[in-house]
Amino acid sequence: VQLQASGGGLVQAGGSLRLSCVVSGRTFSVYAMGWYRQAPGKEREFVAAITWDGRYTSYVESVKGRFTISRDNAKNTVYLQMNTLKPEDTAVYYCAADRTAIRMATTRLPADYAYWGQGTLVTVSS
């Protein structure tokens, strides 16, 4: 199973970016997906998650109303639309794939994710 994340870059505060993560090697449509991030000198933190069918989503409080997670099961891709970016959003962003098929709720626990992408760097300048 491979997860390929892309879409990071340098953006000014208030700007937007859309991250993408393409999954190969497993049936994408039956697994929940998540996004995490790790800022310099800090631990990895949960950002957002979406159930296998896209019906439910969850977010860390600091990004609610600014970030949107979505998925396209036909393209084996999960997205993270990030708007109104702030310098504190600067981090390496990782996508992750759930280890359990047809989980009926989102999960924020890193241990529930079996596969991780390589990360894509988002830098927000002030």
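Everything that follows concerns the structure shown earlier in this document.
Residues numbered from 1 in each chain as written. Predicted model: local features only at pLDDT ≥ 70, side-chain atom pairs only at ≥ 80, totals over all residues. Heavy atoms only, no water.

1. What about the state of the cysteines?
Under the definition given, this model contains one disulfide. The partner cysteine of Cys21 in its disulfide is Cys95, sulfur to sulfur 2.1 Å. On the S-S bond that ties Cys21 to Cys95, the torsion sits near 60°, and the link is right-handed. Placement of the pair is Cys21 in strand S3 (residues 17–24) and Cys95 in strand S9 (residues 91–101), with a sequence separation of 74 residues. Take Cys21 and Cys95: they sit in the same class, and that class is buried. (Disulfide = S-S within 2.5 Å. Helix = DSSP H or I, 4+ residues; strand = E, 2+ residues; numbered from the N terminus. Buried < 20%, exposed > 50% of the residue type's maximum accessible area, 1.4 Å probe, protein only.)

2. Side note on the pairing of strand S8 (residues 77–82)
Extensive coverage of S8 is indicated by the burial of five of its six residues. With antiparallel pairing between neighbouring strands as the criterion, strand S7 (residues 67–72) and S8 make up a hairpin whose turn holds four residues, including Asn76 at a positive phi of roughly 55°. (Pairing = 2+ DSSP bridges.)

3. Remarks on the side chain of Arg26
Secondary-structure assignment places Arg26 in the loop between S3 and strand S4 (31–38). Of the side chains bearing the opposite charge, Asp98 lies closest to the buried Arg26, which forms no salt bridge; the N-O distance is 6.9 Å. Within polar-contact distance, the side chain of Arg26 engages the backbone oxygen of Asp98 at 2.9 Å. Not counting residues up to four positions away in its chain, the partners in contact with Arg26 are Val1, Tyr31, Ala97, Asp98, Arg99 and Tyr115. (Lys, Arg positive; Asp, Glu negative; His and termini not counted. Salt bridge = Lys/Arg side-chain N within 4 Å of Asp/Glu carboxyl O. Polar contact = N/O pair within 3.5 Å; in protein donor to acceptor, adjacent residues only side chain to side chain. Contact = heavy atoms within 4.5 Å.)

4. A word on the nonpolar core
Of all hydrophobic cores here, the largest spans 34 residues; its most connected members are Met33, Trp35, Leu80, Met82 and Tyr93. Not counting chain neighbours up to four residues away, the residues in contact with Met82 comprise Gly15, Ser16, Leu17, Leu19, Arg66, Phe67, Tyr93 and Val122. (Core = buried A, V, L, I, M, F, W, Y, C linked by side-chain atoms within 4.5 Å.)

5. Details of the side chain of Ser58
Inspection of the secondary structure puts Ser58 in strand S6 (residues 57–59). The exposure class of Ser58 is buried, given its relative accessible area of 11%. Beyond its immediate chain neighbours, meaning those up to four positions away, Ser58 contacts Phe46, Val47, Ala48, Ala49, Thr106 and Arg108.

6. Digging into unusual backbone geometry
Unlike most non-glycine residues, Asn76 shows phi in positive territory, near 55°. Within the element layout of this structure, Asn76 appears in the loop between S7 and S8. By relative accessible area, which is 27% here, Asn76 ends up partly exposed. Its identity is not glycine, yet Thr84 carries a phi of approximately 45°, on the positive side. Within the secondary structure layout, Thr84 lies in the loop between S8 and S9.

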